[in-house]
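# Working through the structure, step by step
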Amino acid sequence: MAEYYAKSLELSGIPALTLTNLKHAERIAFDIGGSLTKLAFFSKISHKRALYTINPNTKSNCETEEEGWRLHFINFETKYIESCLDFVKQNVMGRSTDVNGKIIKATGGGAHKYKQLINEKLGVEISKEDEIQCLIKGCNFLLKNIPDEAFIYEKHSNPPYKFQSPSNQPLFPYLLVNIGSGVSMMKVISDTEVERIGGTSLGGGSFWGLGSLLTKAKGFDELLELAEKGDHRLVDMLVKDIYGGSYDLIGLPGDIIASSFGKAARSASDTSTHLHERIKKGKLS
Amino acid sequence: MPWFGMDIGGTLAKLVYFEPTDVTPDEEELEVETLRTIRRYLTSNVAYGSDGVRDVHLEMKNVKLAGRVGTLHFIRFPTASMKSFIELAKEKKLATLADTICATGGGAYKFEEDFNKEVELALHKLDELQMLIQGINFIDDTYPSECFYWAHPDDEEQCKKVPFDFSDPYPYLVVNIGSGVSIIAVKSQGDYARVSGTSLGGGTFLGLCCLLTGCNTFEEAIEMAAQGDSKKVDKLVKDIYGGDYDKFNLPGHVVASSFGHMMCEDHRKTVCKEDLARSTLVTITNNIGSIARMTALNHGINKVVFVGNFLRVNPIAMKLLAYAMEYWSKGQLKALFLEHEGHFGAVGCLIELIKEKR
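About the cut-offs
- Residues numbered from 1 in each chain as written.
- Chains lettered and ligands numbered in written order.
- Predicted model: local features only at pLDDT ≥ 70, side-chain atom pairs only at ≥ 80, totals over all residues.
- Heavy atoms only, no water.
- Helix = DSSP H or I, 4+ residues; strand = E, 2+ residues; numbered from the N terminus.
- Polar contact = N/O pair within 3.5 Å; in protein donor to acceptor, adjacent residues only side chain to side chain.
- Buried < 20%, exposed > 50% of the residue type's maximum accessible area, 1.4 Å probe, protein only.
- pLDDT = per-residue confidence, 0-100.
- Contact = heavy atoms within 4.5 Å.
- Axes fitted to C-alpha atoms, helices over the stretch in contact; angles between N-to-C directions.
- Parallel < 35°, antiparallel > 145°, perpendicular 65-115°, else oblique.
- Nonpolar A, V, L, I, M, F, W, Y, C, P; charged D, E, K, R; others polar.
- Pairing = 2+ DSSP bridges.
- Buried area = accessible area lost by both parts, 1.4 Å probe.
- Salt bridge = Lys/Arg side-chain N within 4 Å of Asp/Glu carboxyl O.

With that settled, consider the environment of T37 of chain A. Residue and element names in this part refer to chain A. Looking at where T37 falls in the secondary structure, it is placed in strand β2 (residues 36–50). Sequence separation between T37 and N75 is 38 residues, and the spatial gap between their C-alpha atoms is 5.5 Å. Only 3.0 Å separates the side chain of T37 from the side chain of T78, close enough to count as a polar contact.

Take a look at the structure:
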């Protein structure tokens, strides 16, 4: 049965390995977004831990077995939600339709949209948790408890990534920019208080959508690979393309983008093989 | 004479020419041959070369400038054809009549050397934002019903242009949509500053459309967009939520993710070029509207004037901007438009030339 299941998952697009650990999940949470579904789950893990200091008096073992919780993260395209729910039903819920002590929660737009499907497949009524409350709860939890969760990127530093430890500095207020299919910008005031103060429809979904139209890339990851190789300056119109240099009066350096894709109209007939790479980079910026 | 103003932008070069109409018979006799040639060439044609155009419908008659009366003509050509323009200026011996031309836009810097060498003309370079404001002030004082707004922008039947009295304008925001976008806050006469902008402008619309649909000109792109349906291309709030997103007052019909359906092959098969052009137009326009709205809010300004050649022959974008500003600000912000679209920089230069002559 397991092999059959693994195979049918492959056919539907989710690599079987992705969901393997889900079998041991004690708590599962879904965030069903516009393009991607994110799953987080806790499972009990036993592992051996090596002891580096041995107490000569007690003559204890040099390793110890510990049990702990492990937090797993997986994601897949929302269009495969049904296969995932089937897997959960078969492997996590057991044969009976009651929750059996497993805790399952859901959030995101899809928790509302797929409410009935979840009910049918898992036989449970999942109440939709508020997406924004979950987002800040999750953010605050990770920021307060996980070392090196947050980081800063400094282009000209070596290394460019600077990791931040949870500190005694006040966490609130902070601006949270959630870049999913679309973008929401929120002011986080406390553990529970948040205000959506802006957003834009030009998000990850736009990059993925435009990238799929403009290149032959199959999938988000391939688009990112292409973008890394591309040179956006061949597609975007920079300040120096218009001014011949920098626009000093208002302090705009020559290599700032004045018009994204501003050169694309002229090079539309360009059949160079590098065109799609250049375009990708143009879109990411 | 001749009196010109030039604005050389990223995509288009704009030229404004003052044709004196108060020429007395004596003056006409003494008129230098070169000047007459230029005057006749410009005023008896509406198309120049393969891509120069005179916007006859924008012509302004009986304009008083420095004691003369004349007609203002508005001409544009692609900046990519600058070489042809320079050759023409050389051929018409422009340098024998004037030693400088007042010019603005990035091209005034980029092509300065070419003008010096080929045409033997010095370009008096002027700042594009200063010229823009100067041009707006002059035209608004001179042309009746220059400023207007759209009443009922979301209702096809009732939608119409209504004149707006801009005589007491301050403070106002200017959103100049050219290849890229600059947003200028004008607090009072002479007190203005660029406060924001975006690289997602008219150049982006044209560039993306050409790549996505294979079209070649702005007019073609606009025509395709007029026939398309962006809802097949964009992912709406209701596509994600199955309805409205009540908590944040986002109705189901609002776009959550532009081009958000296009990662899916099935969806790609159902859309046509017109839909893609429409979505590009809607995406660029709404993004500009959103940034304009937030900038207006930050500066406590409630009048937002949209100018620039992106809005030329583009009522879809104008109405979208009008609707979006009103809707998202709950009626607090007013979107205003000007008839002379992207010609203000060039006009500002012409005014500067006149000032220098005094």
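Structure's up, so let's keep going.
Attention shifts here to unusual backbone geometry. Of the consecutive residues F172 of chain A and P173 of chain A, the connecting peptide bond is found in the cis state with omega at -10°. Along the chain, P173 of chain A turns up in the loop between β6 (161–164) and β7 (174–179). The backbone of K93 of chain B shows a phi angle near 55°, a positive value even though the residue is not glycine. Secondary-structure assignment places K93 of chain B in the loop between α3 (82–91) and β7 (100–104). When its relative accessible area of 51% is taken as the criterion, K93 of chain B is described as exposed.

Moving on, we come to the confidence of the model for chain A. Of all residues in chain A, 80% attain a pLDDT of 70 or more, and the chain-wide mean is 80. Note on residues 268–274 of chain A: pLDDT under 50 across the span, and five contacts to partners over four residues away in sequence or across chains.

Take the environment of I32 of chain A next. Residues and elements named next belong to chain A. Relative to the helices and strands, I32 resides in strand β1 (residues 25–32). Separated by 43 residues in sequence, I32 and N75 place their C-alpha atoms 9.7 Å apart. Beyond its immediate stretch of four places on either side in the chain, I32 contacts T37, T78, I81, T107, G108, G109, G110, A111, Y114 and I118.

What follows is about the packing of helix α7 (residues 202–213) of chain B against helix α8 (residues 218–227) of chain B. In helix packing, the relevant descriptors are the interaxial angle and the interaxial distance, both defined with respect to the helix axes. Residue and element names in this part refer to chain B. Contact geometry of α7 with α8 gives a least axis separation of 10 Å together with a crossing angle of 70°. It follows from the interaxial angle that α7 and α8 lie roughly perpendicular. Note on element contacts: α8 touches α7 through F218, A221, I222 and M224, opposite F205, L206, C209 and T213. Each residue belonging to the contact of α7 with α8 can be placed in one class, and the counts come to seven nonpolar, one polar and no charged.

Two faces belong to every sheet, and in a regular strand the side chains alternate between them. Residue and element names in this part refer to chain B. Pairing of strand β12 (residues 181–188) with strand β13 (residues 191–198) involves seven bridges; the strand directions are antiparallel. Counted as the bridge partner of I183 is S196 from β13. The antiparallel pairing of β12 with β13 creates a hairpin that spans two residues between the two strands, and G190 there sits at a positive phi of about 85°.

This part is about the interface of chain A and chain B. Taken residue by residue, the interface counts 46 residues in chain A and 48 residues in chain B. Summing both sides of the interface, chain A and chain B together bury roughly 3800 Å²; the carbon and sulfur share of this comes to 65%. Broken down residue by residue, the surface that chain A buries against chain B is led by R196, L213 and Y243 of chain A, which jointly contribute 14%. Applying the counting rule to chain A against chain B returns one salt bridge. Here D130 of chain A makes a salt bridge to K247 of chain B, at a shortest N to O gap of 3.4 Å. The interface formed by chain A and chain B includes 15 residue pairs in polar contact (both at pLDDT 80 or more). Contributing elements (two or more residues each) for the side of chain A that touches chain B: α4 (109–113), α6 (131–145), β9 (194–200), α7 (204–214), α9 (239–243) and β11 (257–259) of chain A. By residue number, the principal contributor to the side of chain A that touches chain B is α7 of chain A, which donates eight residues. Its residues placed into classes, the side of chain A that touches chain B shows 19 nonpolar, 20 polar and seven charged.

Residue and element names in this part refer to chain B. Judged by pairing direction, the sheet is mixed, and its seven strands sit side by side in the order β10-β9-β17-β16-β11-β12-β13 without closing on themselves. Looking at which strands have only one partner, the edges of the open sheet turn out to be β10 (160–163) and β13. Pairs of neighbouring strands in the sheet enclose a mean axial angle of 30°, with direction left out of account. In this sheet, strand β17 (residues 334–338) lies alongside strand β16 (residues 303–307) in parallel orientation, the contact comprising four bridges. Each residue of the ladder has a partner; that of V304, found in β17, is A335. The strands touched by helix α11 (residues 273–299) within the sheet are β11 (172–177), β12, β13 and β16, with β13 carrying the most contacts at an inclination of about 140°.

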